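# Breakdown of the fold
If you want the building blocks of each chain, they are given just below.
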Amino acid sequence: MSSPPHIVLPWVVRRTRLPLLSLRCVNCRSESATTGEGRFRVNANSKLLDVWLLVRCVACDRTRKLTVHERTPVSSFDPAELRGYRVNDPELVASWLLDPLLARRNRFTLDWTGAWRLDTPSAWLDAAWPVQVQVVFEDPVPVRPERLIAQGLGLSRNQVLRRVKCDITLRRSTSTGFTFTVMAGD
Ligand SMILES: [Zn+2]
């Protein structure tokens, strides 16, 4: 006898807006900054370019420059990238803001509170157990799997720990895709 095939349901974690930055303001000591509409500043010095991403304090509006490129030869830039900096391309703003390199270099962390959502298929109620769920991250939102699964299934965390089988540690934050299996309830 072969066991019935698993139903595999896709869950998607995606951003609803850009996250804020946890970054202390030198003016008012607030610890929250935003990219707002998203603006770069480019400064040319002979054949070298400096590029910054501008962010502002959410409390006092003071602008701060985050270093994207420092004294980099113009010739080493892809023309499309250069144009992106000059027109404040929103995709380029997002990709730099979400780049861990920029965060490390400028010493900030991302605050994802209220900036993302979990999309789950509505066919859930008709599913037969056990069900396999594949979680895909469209954006690198750090989530605790046990909380995400509890939210997605409408279960308590204790129920999640009892009914969910998963290869990764449910308590540790991740922003890498993973798969888990939900067993039938009691
Ligand atoms: Zn401030």
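Here we summarise the structure given alongside this text. Because the structure is predicted, anything quoted here is derived from the model rather than measured.

What counts as what
- Position labels on residues start from 1 in each chain and follow its written sequence.
- Whole-chain, interface and lining totals are the exception, using all residues; otherwise, since this is a predicted model, local features are given only for residues with pLDDT of at least 70 and side-chain atom pairs are given and counted only at 80 or more.
- With hydrogens and water set aside, each side-chain value is computed from the structure's full complement of heavy atoms.
- The numbering of helices and of strands both runs from the N terminus, where a helix is a DSSP run of H or I of at least 4 residues and a strand a run of E of at least 2.
- It only takes one pair of heavy atoms within 4.5 Å for two residues to be counted as in contact.
- The method works on a 1 Å grid over the protein atoms by themselves. A cavity is a set of points holding a 1.4 Å probe that cannot get out, a pocket is an open set with protein on both sides within 12 Å along at least five of seven lines, and residues with an atom within 4 Å of a point line them.
- Grid points are joined across faces, edges and corners, and a volume is the space filled by probe spheres set on the points.
- Side-chain classes are defined by residue name, with Ala, Val, Leu, Ile, Met, Phe, Trp, Tyr, Cys and Pro counting as nonpolar, Asp, Glu, Lys and Arg as charged, and the others, Gly among them, as polar.
- Buried, partly exposed and exposed residues are distinguished by accessible area as a fraction of the type maximum, computed with a 1.4 Å probe on protein chains only: under 20%, between the cut-offs, and over 50%, respectively.
- Picture the helix axis, draw a direction to every C-beta atom, and the arc is the one those directions span.
- Pairs of N or O atoms within 3.5 Å make up the polar contacts considered here, provided that, within protein, one atom can donate a hydrogen while the other can accept it, and that residues adjacent in sequence are counted only when both atoms are side-chain atoms.
- Any two of the Phe, Tyr and Trp rings considered here, Trp counted by its six-membered ring, make a pair once their centres fall within 6.5 Å; the pair's planes then place it as stacked at under 30 degrees, edge-to-face at over 60, or tilted in between.
- We call a charge positioned above a ring when the Lys NZ or Arg CZ atom is no farther than 6 Å from the ring centre and deviates by at most 35 degrees from the ring normal.
- Any carboxyl oxygen of Asp or Glu that lies within 4 Å of a side-chain nitrogen of Lys or Arg is treated as forming a salt bridge with it.

## Looking at the environment of Ala 184
Following the sequence through the fold, Ala 184 ends up in the segment after strand 10 (178-182). Put simply, Ala 184 and Trp 129 are 55 residues apart on the chain and 5.3 Å apart in space, counted from C-alpha to C-alpha. Ignoring any residue separated from it by four or fewer positions in sequence, one finds Ala 184 in contact with Trp 129 and Arg 163.

## Section: empty space enclosed by the protein
Per the stated rule, a full pass over the model turns up one cavity of 30 Å³ or more. Quantified by volume, the largest cavity comes out at close to 80 Å³. In terms of lining, the largest cavity is formed by Leu 23, Arg 24, Cys 25, Val 26, Ser 32, Ala 33, Val 55, Arg 56, Cys 57, Arg 62, Thr 63 and Arg 64. Sorting the residues of the lining of the largest cavity by element identifies strand 4 (48-57) and strand 5 (63-73) as the ones contributing at least two each. No other element matches strand 4, which puts three residues into the lining of the largest cavity. Residues that form the lining of the largest cavity fall into these classes: six nonpolar, two polar and four charged.

## A word on helix 1 (residues 79-87)
When helix 1 is considered as a whole, its buried residues turn out to be Leu 82, Gly 84 and Tyr 85. Here the buried residues of helix 1 occupy an arc of 155 degrees about the axis, which is enough to place them on one side. Residues of helix 1 that are exposed and point over 90 degrees away from its buried face: Pro 79, Arg 83, Arg 86 and Val 87. Residues of helix 1 that are buried sit in contact with strand 3 (33-45), strand 4, strand 5 and helix 2 (90-97). Two to three positions downstream of the cap, the backbone nitrogen of Ala 80 sits 2.7 Å from a side-chain oxygen, assigning the N-cap of helix 1 to Asp 78. Just downstream of helix 1, Asn 88 is the residue with a positive phi angle, here 55 degrees.

## Brief notes about the packing of aromatic side chains
When we look at a pair of aromatic rings, we describe it by the centre distance and by the angle of the planes. Evaluated as defined, the whole model comprises four aromatic pairs. Ring centres of Trp 11 and Phe 180 lie 5.4 Å apart, and the angle between their planes is 75 degrees; this geometry places the pair in the edge-to-face category. Within this pair, whereas Trp 11 is found in strand 1 (residues 7-15), its partner Phe 180 is found in strand 10, the two being separated by 169 residues in sequence. One exposure class covers both Trp 11 and Phe 180, and it is buried. Measuring from centroid to centroid gives 6.1 Å for Phe 178 and Phe 180, while their planes differ by 35 degrees, and the two rings are tilted. Owing to a relative accessible area of 5%, Phe 178 belongs among the buried residues under this scheme. The class of Phe 180 is buried, set by a relative accessible area of 1%. These aromatic residues form a ring-pair network of at least three members: Trp 11, Phe 178 and Phe 180. Above the ring of Trp 52, the side-chain terminus of Lys 65 is found at 3.9 Å from the ring centroid.

## Here's the deal with the pattern of salt bridges
Enumeration according to the criterion identifies nine salt bridges in this entry. For Arg 14, the salt bridge goes to Asp 119, with nearest N and O atoms at 2.3 Å. With Arg 14 in strand 1 and Asp 119 in strand 7 (residues 116-119), the pair connects residues that are 105 residues apart, well separated along the chain. Residue Arg 14 is classed as partly exposed on the basis of its relative accessible area of 22%. Glu 146 serves as the salt-bridge partner of Arg 171, at 3.9 Å between the closest nitrogen and oxygen. Remark: Glu 146 occurs in helix 4 (residues 145-153) and Arg 171 occurs in the loop between strand 9 (164-166) and strand 10; sequence separation between them is 25 residues. On the accessibility criterion, Glu 146 (2% relative accessible area) is buried. Linked through salt bridges whose partners overlap, the residues forming this network are Arg 14, Arg 117, Asp 119 and Glu 138.

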